[in-house]
Amino acid sequence: MQLKRDMSLIRSLLLDIEAEFTEGGFALEVTEEDEYSEEEMNYHLQLMKEAKLIKLDIVLDEEEEEEELLIYGLTWEGHELLDSIREEEVWQQLLVKLKREKGSMPFSVLRKQAAKAAEAFYASE
């Protein structure tokens, strides 16, 4: 399976990580009800670490004898991005732009577009 970056999944993971944060870190549990596979989730967590959005370590789970991704929370950049795309109205505006761009745009452009949309949203309140 070819994995592609999915900004909706990244937004969802940012929201989940913010809500689930614990001092000692936690592993994301993937269930059958989840829309995405464990492989897709892990791929996106690795992308988020590369983008410096989350604090993440790979550790060996000795019981299961496999590697596990431990999440230690959001970084400053992760909080900034989440705060700009948290509001559903802002996110929906960005999704329209993403669809117009065939589902993908450079992350740096998305980040700027999100900041502009959030600024407009909060200025209108």
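Residues numbered from 1 in each chain as written. Predicted model: local features only at pLDDT ≥ 70, side-chain atom pairs only at ≥ 80, totals over all residues. Heavy atoms only, no water.

A.B. asks: Quick question: what am I supposed to make of helix H3 (residues 76-85) here?
C.D. replies: Three or four residues apart is the spacing at which side chains of an α-helix point the same way, because the helix has 3.6 residues per turn. Of all the positions in H3, only Gly78, Leu81, Leu82, Ser84 and Ile85 are classed as buried. All buried residues of H3 lie within an arc of 165° about the axis, which places them on one face of the element. (Buried < 20%, exposed > 50% of the residue type's maximum accessible area, 1.4 Å probe, protein only. Helix = DSSP H or I, 4+ residues; strand = E, 2+ residues; numbered from the N terminus. Arc of directions from axis to C-beta.)

A.B. asks: I tried to follow unusual backbone geometry on my own but got confused; where do I start?
C.D. replies: Trans peptide bonds make up the majority, and among non-glycine residues the majority have a negative phi. Residue lysine 52 is not a glycine yet carries a positive backbone phi of 60°. Mapped onto the secondary structure, lysine 52 falls in the loop between helix H2 (38-50) and strand E1 (54-61). Judged by relative accessible area, lysine 52 falls into the exposed class, the value being 58%.

A.B. asks: Would you mind showing me how to read the pairing of strand E2 (residues 66-74) here?
C.D. replies: Every regular strand shows the same layout, with side chains that alternate between the two sheet faces. Pairing of E1 with E2 involves 7 bridges; the strand directions are antiparallel. Opposite aspartate 61, over in E2, you have glutamate 66 as the bridge partner. Linkage of E1 to E2, two consecutive antiparallel strands, is achieved through a turn of 4 residues, within which glutamate 65 is found at a positive phi near 55°. (Pairing = 2+ DSSP bridges.)

A.B. asks: Would you explain the pattern of salt bridges in this entry?
C.D. replies: Two side chains that carry opposite charge are able to pair once their charged atoms sit near each other. Here the structure, examined in full by the defined rule, presents 4 salt bridges. Of the charged contacts, one joins aspartate 83 and arginine 86 as a salt bridge, the two residues approaching to 2.8 Å between their closest N and O atoms. What makes aspartate 83 partly exposed here is its relative accessible area of 40%. Shared partners join several salt bridges into a network, and the residues in it are Glu18, Asp83 and Arg86. (Salt bridge = Lys/Arg side-chain N within 4 Å of Asp/Glu carboxyl O.)

A.B. asks: Which parts of the structure should I look at to understand the packing of helix H1 (residues 7-20) against helix H4 (residues 88-100)?
C.D. replies: Working note: a packed helix pair is described by the angle between its axes plus the distance between those axes. Running from N to C, H1 and H4 cross one another at 160°; their axes reach a closest spacing of 11 Å. Taken together, the axes of H1 and H4 lie roughly antiparallel to each other. Viewed along their axes, H1 and H4 form a crossing whose handedness is right-handed. Between H1, through Met7, Ser8 and Arg11, and H4, the contact on the second element is made entirely by Glu88, Trp91, Leu95 and Leu98. Taken together, the residues of the contact of H1 with H4 sort by class into 4 nonpolar, 1 polar and 2 charged. (Axes fitted to C-alpha atoms, helices over the stretch in contact; angles between N-to-C directions. Parallel < 35°, antiparallel > 145°, perpendicular 65-115°, else oblique. Left-handed = near helix turned anticlockwise from the far one by under 90°. Contact = heavy atoms within 4.5 Å. Nonpolar A, V, L, I, M, F, W, Y, C, P; charged D, E, K, R; others polar.)

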